[in-house]
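# Summary of structural features
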Amino acid sequence: MSQQVLDNLEIAASMGTYFIPTVSFNAATGECLLEGESYHENTWEFYKRLMDWLNRYIAEVKGPIHFTFKLTYFNTSSSKCLLDMMRLLQEYQSNGGQVQAVWYYPEDDLDNLYEAEDFVADTGLKLEVVGY
Amino acid sequence: MLPESELTLFEYYNLTSHKNVIISYKGPVTDVIMSEISRDIRVKVGKDATAGRKVFAVFIELAQNILYYSAEKVKFADRNDGVGILLLTQSETAFTFSCGNLVENQHVEELVGGINLINSMDQEQLREYKRRQRGGPSPERSKGAGFGLTQVALTSGNPLQVDFKKIDDLFSFFSLSIKINKDSKPSTT
């Protein structure tokens, strides 16, 4: 049996007991959006789905990635997972993959800006940082 | 020590209704209770945009520590929730978030060492330290990412104030207070 074609990954944001960000990863265009607040019951499980998708996209589709990070809150467990995700993007970038990554932060939230700077310092990912 | 006379419900009510008290809670810190309190915090400190965000972030990390690490547990059905006490107060210039829970005496030294190390660092050093902790593997006893307290000190910009009261041969009461300065008042001109 041949492997299934990579589907889009869509997760709707929700603010219930936990805070789930919007996830919209497009397998045809490589447009990836992660937006909102991130605090989970099982953080690793949540981000594993995203990492699995990205790993498959990189291995099978081998297309460009345009990643938009627009997170207004994330706890420390999410922060660790985001670091892994940025490492993966950087690896793809340094292996010749076309990666354009943008981090949006609210202009009055300097902590959020520092987080972006720290991700860049830790991973070497070319990350455009934009205040809004 | 508390006075010999019994605390009346009215006195307790007055204590928790003090004008400086924003949130007070004692009991099991479950995920549902955490999310309810976090919503309440957002509503009540939302006017100070920056400080409000910081209070919220500090609350999530510290409440989760109680949920994960409190040595006092409430067992209900298949759940096993950490018990603790949470208090958010305000003065004119700052919010103070305090939390307390039982810890096993055998973990006190490690906890104090970690906190003293955090308190010995300035903001730049803390940022470096957080990056080192985040980049490495999670510590052995950690159920989270293992740098919650470092992040709390970094977010608040103030030292962690801690206290231990030994209760018996097994347990101590651990309390932690952190101050978050309010946003500077916008000029009235």
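So, here is what we can say about the structure in this document. On a predicted model such as this, the values are computed, not experimentally measured, just so you know.

## As for the interface of chain A and chain B
With 16 residues of chain A at the contact, the number on the chain B side is 19 residues. Elements supplying a minimum of two residues to the side of chain A that touches chain B: helix H2 (76-94) and helix H3 (110-123) of chain A. Looking at the side of chain A that touches chain B residue by residue, the classes come out as 4 nonpolar, 5 polar and 7 charged.

## Section: the sheet that holds strand E5 (residues 31-38) of chain A
Residues and elements named next belong to chain A. A sheet is described by the order of its strands in space; here 6 strands give the open sequence E1-E4-E5-E6-E7-E8, paired in mixed fashion. A single partner strand is all that each edge strand has here, and the edge strands are strand E1 (9-11) and strand E8 (127-131). Averaged over all neighbouring strand pairs, the angle between strand axes comes to 15°, with direction disregarded. The sheet contact formed by strand E7 (residues 99-105) and E8 spans 5 bridges and is parallel. Pairing of tyrosine 105 across the sheet is with glycine 131, part of E8. Lying over the sheet, H2 contacts E5, strand E6 (65-74) and E7, oriented at roughly 165° with respect to E6. Those strands touched by H3 are E7 and E8, and its axis lies near 170° from that of E8.

## Quick notes on unusual backbone geometry
Of note in this structure, lysine 62 of chain A is not a glycine but carries a positive phi near 55°. Along the chain, lysine 62 of chain A falls in the loop between helix H1 (43-61) and E6. For lysine 62 of chain A, a count of 12 C-beta atoms within 10 Å gives the class exposed. Despite not being glycine, alanine 77 of chain B has its phi angle at roughly 50°, a positive value. Here alanine 77 of chain B is to be found in the loop between strand E2 (73-76) and strand E3 (79-90). With 5 C-beta atoms counted inside 10 Å, the residue alanine 77 of chain B sits in the exposed group.

Criteria and thresholds
- Residues numbered from 1 in each chain as written.
- Chains lettered and ligands numbered in written order.
- Predicted model: local features only at pLDDT ≥ 70, side-chain atom pairs only at ≥ 80, totals over all residues.
- Contact = placed C-beta atoms within 7 Å.
- Helix = DSSP H or I, 4+ residues; strand = E, 2+ residues; numbered from the N terminus.
- Nonpolar A, V, L, I, M, F, W, Y, C, P; charged D, E, K, R; others polar.
- Pairing = 2+ DSSP bridges.
- Axes fitted to C-alpha atoms, helices over the stretch in contact; angles between N-to-C directions.
- Buried ≥ 20, exposed ≤ 12 C-beta atoms within 10 Å, placed from the backbone.

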